[in-house]
Amino acid sequence: MTGRYMMPWNGTRSIFDEMDEFFRGFSEALRPMTSRYAPVEMYEEGSELVLKVDAPGFEPSDVEIKTFADRVVVQSKVERKEEKEEGRTYYIKRRSQAMNYSINLPYEVDPSKAKASFKNGVITIRLPKSEAVEGRVIPIEKE
């Protein structure tokens, strides 16, 4: 039987391996356009959930943090604008900075007891677990 093949297949690998190889070039070319870097670290420390958010180039007064029982929203309050000085400008290349993250939490926290700090371009948010998450020990009464 004679037939046409859309792509050469030598028979040593499966057709699925060959197709993966064929399409890998497309995915590598598209990766820079589709990758999203979320500069957020989340971990548990004792009875607190700790979030670290990279915010280089921002000042604490530029950032607004809203805490909810199930999520935290971190966003910049102002947009930066280029300021031009008198004289010659030879080269300017600055990207506009904005930040808008909504971070879902793995369990409920007490938003009223949350604390945030800023050091070296990193925002650290400490969120104590909700009492409902930690549970409550109840005594057993003898009848």
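J.: Would you mind going over unusual backbone geometry with me for this structure?
T.: Residues other than glycine predominantly adopt negative phi, and peptide bonds predominantly adopt the trans conformation. Positive phi outside glycine occurs at Asn 120, with the angle close to 50 degrees. Note that Asn 120 resides in the loop between β6 (115-119) and β7 (122-128). We classify Asn 120 as exposed; its relative accessible area is 72%.

J.: What is the right way to read the environment of Lys 129 from this model?
T.: In this structure, Lys 129 sits in the loop between β7 and α2 (131-134). Along the sequence, Lys 129 and Val 109 sit 20 residues apart, while their C-alpha atoms lie 4.3 Å from each other. Side-chain polar atoms of Lys 129 contact the side chain of Glu 44, separated by 3.0 Å.

J.: What should I look at first to understand the pattern of salt bridges in this one?
T.: Summed over the entire model, instances satisfying the criterion amount to 5 salt bridges. As a salt-bridge pair, Lys 129 and Glu 44 come within 3.0 Å of each other at their nearest N and O atoms. Pair noted here: Lys 129 is in the loop between β7 and α2 and Glu 44 is in strand β1 (residues 40-45), with a separation of 85 residues, a long-range link. Classification of Glu 44 by relative accessible area gives partly exposed; the value is 45%.

Each value, and the rule that gives it
Residues numbered from 1 in each chain as written. Predicted model: local features only at pLDDT ≥ 70, side-chain atom pairs only at ≥ 80, totals over all residues. Heavy atoms only, no water. Helix = DSSP H or I, 4+ residues; strand = E, 2+ residues; numbered from the N terminus. Buried < 20%, exposed > 50% of the residue type's maximum accessible area, 1.4 Å probe, protein only. Polar contact = N/O pair within 3.5 Å; in protein donor to acceptor, adjacent residues only side chain to side chain. Salt bridge = Lys/Arg side-chain N within 4 Å of Asp/Glu carboxyl O.

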